[in-house]
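Listed here are the chains, written in short residue letters.
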Amino acid sequence: MPDPIVDRNRHMNEVTDALAPIQDGFRAENCFLFGPSGVGKTTVAKAAVRELRREVLDVPYAYVNCWKYYTRNAVLDQISHELVGAAMPRSASTSRLIDRIKADLHGPGVVILDEVDQLRETKVLYDLHDIPGLSWIGIANREVDLLADLDDRITSRISVAYRVRFDTYGEDAITEILSRRAREGLGPNAVDEDVLRRIARLSEGDARQAIAGLRVAARMASREGLAAIPGRLVEDAVADAEREVRQKTISKLNTHQRALYEVLAEEDGLIQKELYARYQEAHDDPVTLRYLRENHLPKLEHYNLIDIEQDRGSKRYHLVGPEGSQTNPSPC
Ligand SMILES: Nc1ncnc2c1ncn2[C@@H]1O[C@H](COP(=O)(O)OP(=O)(O)O)[C@@H](O)[C@H]1O
Ligand SMILES: [Mg+2]
């Protein structure tokens with residue numbers, strides 16, 4: 001966890017404000033953070049909770065990545081483990097999990113629901129609302145309506161008081177983030193400011209990408225036996241880092257996203273209808289076209305795995321990167 005958090009004061013303050021009631025023993029306000037990948041959403045959420053826990057010792061806290069834990073049961077299971085340390089059998093029912101959390105949570109607690117747009121069963125937001133003292137910080141790429149699938153009678157009782165929008169970082173902020181990382185990770189003179197600035201420029205406001213670029217550049221330099229990173233390595237390092245980040249994202253895909261990815265790896269440039277038909281053949285339990293369009297395809301786009309091209313009123317989907325780009329088709 002970086003400390004301090006660079007260039008995110010406003011965002012930090014808003015999340016801290018949402019959490020403030022906990023300092024007086026009350027339930028916090030729910031809040032929702034959204035913006036593209038690599039702009040510090042997860043970092044700010046965790047840092048705000050860290051700050052709170054410095055003020056109010058031992059506020060119960062859980063972090064759930066809804067990309068990995070996307071069912072109601074999986075989310076509650078994760079929360080019962082992390083928030084109240086309850087060791088429940090893997091097969092515990094939803095109601096038992098909720099009862100256990102209710103019984104063990106004395107006073108306010110907070111849950112970070114990261115990648116909350118990947119949640120398949122948003123009903124769990126109602127479960128959380130029903131647990132006295134519990135509030136959440138939701139994180140997603142777009143300003144989705146988290147409560148859209150819930151019953152109106154329920155949504156009228158759940159509120160999201162803070163919506164915090166994150167835009168991509170400017171070049172100065174990324175350079176500063178890199179500079180702090182370099183000092184801590186590589187020592188005081190391992191890299192010049194102008195090399196960092198070039199990495200920053202090529203990373204287009206995405207801190208994850210930039211940090212990966214720095215890491216790859218440092219690795220390349222140390223392989224050459226150099227004590228500092230020369231500028232000539234920057235371009236290759238950033239390109240390699242992009243591939244590394246992409247590979248890591250691919251490993252996190254759920255079965256639907258993976259099926260889509262594989263269909264496009266076989267045949268790049270499909271229009272939506274074709275892509276959906278091929279995906280339906282490839283997956284045992286396909287989601288609806290609407291769900292695919294509103295959930296899985298935007299996710300793949302946000303994580304820079306696919307590009308969407310407008311082609312005379314229809315959308316054409318391309319894989320990003322050497323495996324699937326139009327300019328450099330796969331040899332096999
Ligand atoms: N403001 C910041 N200061 C320092 N490091 C940051 C900052 N924002 C992001 N980072 C670093 O960049 C990487 C990506 O940030 P993250 O919070 O995971 O982005 P997001 O959740 O928006 O995709 C992490 O390694 C994080 O530590
Ligand atoms: Mg994140």
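The model shown is predicted, which means the values in this text are computed figures rather than measured ones.

## Some remarks on helix α3 (residues 72-84)
Helix length check: α3 (13 residues) gives 18 Å between terminal C-alpha atoms against 18 Å at 1.5 Å per residue, within 8%. Buried residues belonging to α3 abut β2 (61-65), α4 (94-104), β3 (109-114), α5 (123-129) and β4 (134-140).

## Observations regarding the site of ligand 1
What surrounds ligand 1 is a group of 18 residues, the closest being Val6, Gly38, Lys41, Thr43 and Tyr169. A distance of 2.5 Å separates an oxygen atom of ligand 1 from a polar side-chain atom of Thr43. In the environment of ligand 1, an oxygen atom lies 2.9 Å from a nitrogen or oxygen atom belonging to the side chain of Arg208. Considering ligand 1 on its own, with 550 Å² of exposed area, one finds that the protein chains cover 89% of that surface. Elements with a contribution of two residues or more to the shell around ligand 1: α2 (41-55), α7 (171-186) and α9 (207-223). When the residues that make up the shell around ligand 1 are grouped by side-chain class, the tally is nine nonpolar, five polar and four charged. Each of domain 1 (9-165) and domain 2 (171-249) contributes no fewer than three residues to the shell around ligand 1.

## Observations concerning the packing of helix α8 (residues 193-202) against helix α10 (residues 234-252)
How two helices pack is summed up by the angle between their axes together with the distance between the axes. Following both chains from N to C, one finds α8 and α10 inclined at 40°, their axes separated by 10 Å at the closest point. On the basis of their axis angle, the class for α8 and α10 is oblique. Here the hand of the crossing between α8 and α10 comes out right-handed. Contacts between α8 and α10 pair Val195, Arg198, Ile199 and Leu202 from the former with Val234, Glu235 and Val238 from the latter. Grouping the constituent residues of the contact of α8 with α10 by class yields five nonpolar, no polar and two charged.

## Here's the deal with the sheet that holds strand β6 (residues 270-271)
Taken together, three strands build an open sheet; the order of strands is β6-β8-β7 and the sheet is antiparallel. Lying at the two open borders of the sheet, with one neighbouring strand each, are β6 and β7 (306-311). As paired strands, β7 and strand β8 (residues 314-319) are joined by six bridges and run antiparallel to one another. In the strand pairing of β8, Gln310 is matched with Lys315. Packed on one face of the sheet, helix α11 (residues 255-266) meets β6, β7 and β8 and runs near 85° to β8.

## Some points on the domain arrangement of the protein chain
Domain boundaries in the protein chain define domain 1 (9-165), domain 2 (171-249) and domain 3 (253-319). Each of domain 1 and domain 2 has a C-alpha centre, and these two points are 33 Å apart. On the side of domain 2, five residues touch domain 1, which itself brings four residues to the contact. Here domain 1 meets domain 2 over a buried area of about 290 Å², counting both sides, of which 38% is carbon and sulfur.

## So, the nonpolar core
Ile79, Leu83, Val111, Leu113, Leu128 and Trp136 are the most contacted members of the largest nonpolar core, which has 34 residues in total. If you list the elements that add at least two residues to this core, you get β1 (30-34), β2, α3, α4, β3, α5 and β4. A total of five residues in this core trace back to one element, the largest contributor, which is α3. If sequence neighbours within four positions are ignored, Val111 has contacts with Ala62, Val64, Ile79, Leu83, Leu134, Ser135, Trp136 and Ile137. Counting 29 residues, the second largest nonpolar core, distinct from the first, contains Val6, Ile177, Val191 and Ile211.

## A short note on the state of the cysteines
According to the stated counting rule, one finds zero disulfides in the structure shown. Summary of cysteine pairing: Cys31 is not part of a disulfide, and the nearest cysteine sulfur, belonging to Cys66, is at 14 Å. Residue classification places Cys66 among the buried residues on the basis of a relative accessible area of 0%.

## Quick notes on a positive patch on the surface
Taken together, Arg181, Arg208, Arg215, Lys248 and Lys252 make up a surface patch of like positive charges. Relative to the helices and strands, Arg181 resides in helix α7. Judged by relative accessible area, Arg181 falls into the partly exposed class, the value being 39%.

## What about the sheet that holds β3?
Taken together, the five strands give an open sheet; going across it, the order is β2-β3-β4-β1-β5, and neighbouring strands pair in parallel fashion. Of all the strands in the sheet, just β2 and β5 (160-165) have a single pairing partner and so form its edges. On average, each strand axis in the sheet is tilted by 15° relative to the strand beside it, whichever way the strands run. Relative to β4, β1 runs parallel, the two being bridged by four bridges. Bridge assignment links Phe32 to a residue of β4, and that residue is Gly138. Of the strands in this sheet, β1, β3, β4 and β5 touch helix α1 (residues 9-19), which is tilted by about 170° from β5. Along the sheet face, α3 touches β2, β3 and β4 and points at about 145° away from the line of β2.

Criteria and cut-off values
Residues numbered from 1 in each chain as written. Chains lettered and ligands numbered in written order. Predicted model: local features only at pLDDT ≥ 70, side-chain atom pairs only at ≥ 80, totals over all residues. Heavy atoms only, no water. Helix = DSSP H or I, 4+ residues; strand = E, 2+ residues; numbered from the N terminus. Expected span 1.5 Å × (residues − 1). Contact = heavy atoms within 4.5 Å. Near = heavy atom within 4 Å. Polar contact = N/O pair within 3.5 Å; in protein donor to acceptor, adjacent residues only side chain to side chain. Areas by Shrake-Rupley, 256 points an atom, 1.4 Å probe, with all protein chains shown as cover. Nonpolar A, V, L, I, M, F, W, Y, C, P; charged D, E, K, R; others polar. Domains from an automatic or database assignment. Axes fitted to C-alpha atoms, helices over the stretch in contact; angles between N-to-C directions. Parallel < 35°, antiparallel > 145°, perpendicular 65-115°, else oblique. Left-handed = near helix turned anticlockwise from the far one by under 90°. Pairing = 2+ DSSP bridges. Buried area = accessible area lost by both parts, 1.4 Å probe. Core = buried A, V, L, I, M, F, W, Y, C linked by side-chain atoms within 4.5 Å. Buried < 20%, exposed > 50% of the residue type's maximum accessible area, 1.4 Å probe, protein only. Disulfide = S-S within 2.5 Å. Patch = residues over 30% accessible without salt bridge, like charges linked within 9 Å, V, L, I, M, F, W, Y side chains within 5 Å. Salt bridge = Lys/Arg side-chain N within 4 Å of Asp/Glu carboxyl O. Lys, Arg positive; Asp, Glu negative; His and termini not counted. Charge placed at Lys NZ, Arg CZ, Asp CG, Glu CD.

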